[in-house]
Amino acid sequence: MNTLINKGRIPFSEDYLFMINNTKSLSKYLLYYPKEFLSNLNWSYNIDYQTFMELLKSATFKDEDKRRILAIVDVNLLTQDVDTANLVLSIIVNSNDLDLSNDVLPLNLLKSSSNTKLRLQFAARMISRHNELDIDTYLKALGGTYSIISDKDKRPKLPDYEFNRELLETLKRVGYISSYSPVKGKDNLPMLKVNHSTK
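Remember, predicted model here, so these are calculated numbers, not experimental data.

Asker: Would you take a moment to explain the packing of aromatic side chains for this structure?
Answerer: Given two aromatic rings, one states the distance between the centres and the angle between the planes to describe the pair. Per the stated rule, a full pass over the model turns up 7 aromatic pairs. For the ring pair Phe-12 and Tyr-29, a centre distance of 5.2 Å and an interplane angle of 20° mean the geometry is stacked. In this pair, Phe-12 is assigned in the loop between helix H1 (2-6) and helix H2 (14-20) and Tyr-29 in helix H3 (residues 26-32), connecting sequence segments 17 residues apart. Phe-12 sits in the buried class, given a relative accessible area of 15%. Under the relative-accessibility criterion, Tyr-29 is labelled buried at 0%. Look at Phe-37 and Tyr-45: their rings are 5.0 Å apart centre to centre, the planes differ by 75°, and that puts the pair in the edge-to-face class. Phe-37 sits in the buried class, given a relative accessible area of 0%. Given the relative accessible area of 10%, Tyr-45 is considered buried. Put simply, the rings of Phe-12, Tyr-29, Tyr-32, Tyr-33 and Trp-43 pair up and form one aromatic cluster.

Printed below as a string of structure tokens:
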């Protein structure tokens, strides 16, 4: 079947899709007809993990296209493993489309991904759109020192990195923290101390 797809002998249609769904040729079919695929995302696609990864890793689609593909696959595929979560998070952050219909998905992505930079970028953008209770949940999903930020009685310190600054600036902008200040940590490393307003 791959040979017929490569030669353009199988046109893109719902009838042919019905026959190709659930076969190893599905990714080849969708990659051969990328414009048609993106124009018909409302059709019934049975995209398994292997097909999903082939589509996401393909240079055929831009991040904005891949972001649209994320919306039509089984949500469980998005956090199948660490590498998948990293790839999905990268696509979401790079496409700047944070409209996630599944409320649990952002938290699962934060917990499943191992890419600190992407996790912090994603969390900062999600936090800017949510209320204090949701912000607590995002910080706890980040884990470690980030989860301590939600304790208003503590003044945790984070390494002075660009993406920690971005997160703290977002938290300050939405009024979750009052400020953050540069301090020296162990071994004289530059740190950022979180300050909560005292009421």
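From this point on, the discussion continues.
Asker: Would you mind showing me how to read the pattern of salt bridges here?
Answerer: Side-chain pairing between opposite charges can occur once the charged atoms of the two side chains come close. Within the structure shown, the criterion is met by 1 salt bridge. Residues Asp-160 and Arg-165 are paired through a salt bridge, measuring 2.8 Å at the closest nitrogen-oxygen approach. Relative accessible area serves as the criterion here: at 24%, Asp-160 is assigned to the partly exposed category.

Asker: Sorry, what's going on with the sheet that holds strand S2 (residues 179-184) here?
Answerer: Read from one edge to the other, the open sheet built from 3 strands follows the order S1-S3-S2, with strand pairing classed as antiparallel. The sheet terminates laterally at strand S1 (157-159) and S2, the two strands that pair on one side only. Averaged over neighbouring strand pairs, the angle between their axes works out to 35° when direction is ignored. Note: S2 against strand S3 (residues 190-195), 6 bridges, orientation antiparallel. In the strand pairing of S3, Ser-181 is matched with Lys-193. Contacting S1, S2 and S3, helix H12 (residues 162-173) crosses the sheet at an angle of about 145° to S2.

Asker: When you look at the confidence of the model for the chain in this model, what are you seeing that I'm missing?
Answerer: Low-pLDDT stretches of the model should not have their predicted coordinates read in fine detail. Across the chain, the average pLDDT comes to 89, with 94% of residues at or above 70. When mean pLDDT is taken per element in the chain, helix H4 (residues 34-39) scores highest with 97 and H1 scores lowest with 79.

Asker: I tried to follow the side chain of His-196 on my own but got confused; where do I start?
Answerer: Among the secondary structure elements, His-196 is positioned in the segment after S3. With residues near it in sequence (within four places) discarded, His-196 still touches Ile-149, Asp-151, Lys-152, Lys-154, Arg-155, Tyr-176, Ile-177 and Ser-178.

Asker: What exactly am I supposed to notice about unusual backbone geometry here?
Answerer: A negative phi angle is the norm for most residues apart from glycine, just as the trans form is the norm for most peptide bonds. Even without glycine at this site, Asn-22 takes up a positive phi of about 70°. Position of Asn-22 among the secondary structure elements: in the loop between H2 and H3. Phi at Asn-188 takes a positive value of approximately 65°, unusual for a residue other than glycine.

Asker: It is not clear to me how the side chain of Ser-58 should be interpreted in this structure. Could you clarify?
Answerer: With respect to the helices and strands, the residue Ser-58 is situated in the loop between helix H5 (49-57) and helix H6 (63-70). Classification of Ser-58 as buried rests on a relative accessible area of 11%. Contact partners of Ser-58, with chain neighbours within four places excluded, come to Leu-31 and Lys-66.

Criteria and thresholds
Residues numbered from 1 in each chain as written. Predicted model: local features only at pLDDT ≥ 70, side-chain atom pairs only at ≥ 80, totals over all residues. Heavy atoms only, no water. Phe/Tyr/Trp six-rings, centres within 6.5 Å; stacked < 30°, edge-to-face > 60°. Helix = DSSP H or I, 4+ residues; strand = E, 2+ residues; numbered from the N terminus. Buried < 20%, exposed > 50% of the residue type's maximum accessible area, 1.4 Å probe, protein only. Salt bridge = Lys/Arg side-chain N within 4 Å of Asp/Glu carboxyl O. Pairing = 2+ DSSP bridges. Axes fitted to C-alpha atoms, helices over the stretch in contact; angles between N-to-C directions. Contact = heavy atoms within 4.5 Å. pLDDT = per-residue confidence, 0-100.

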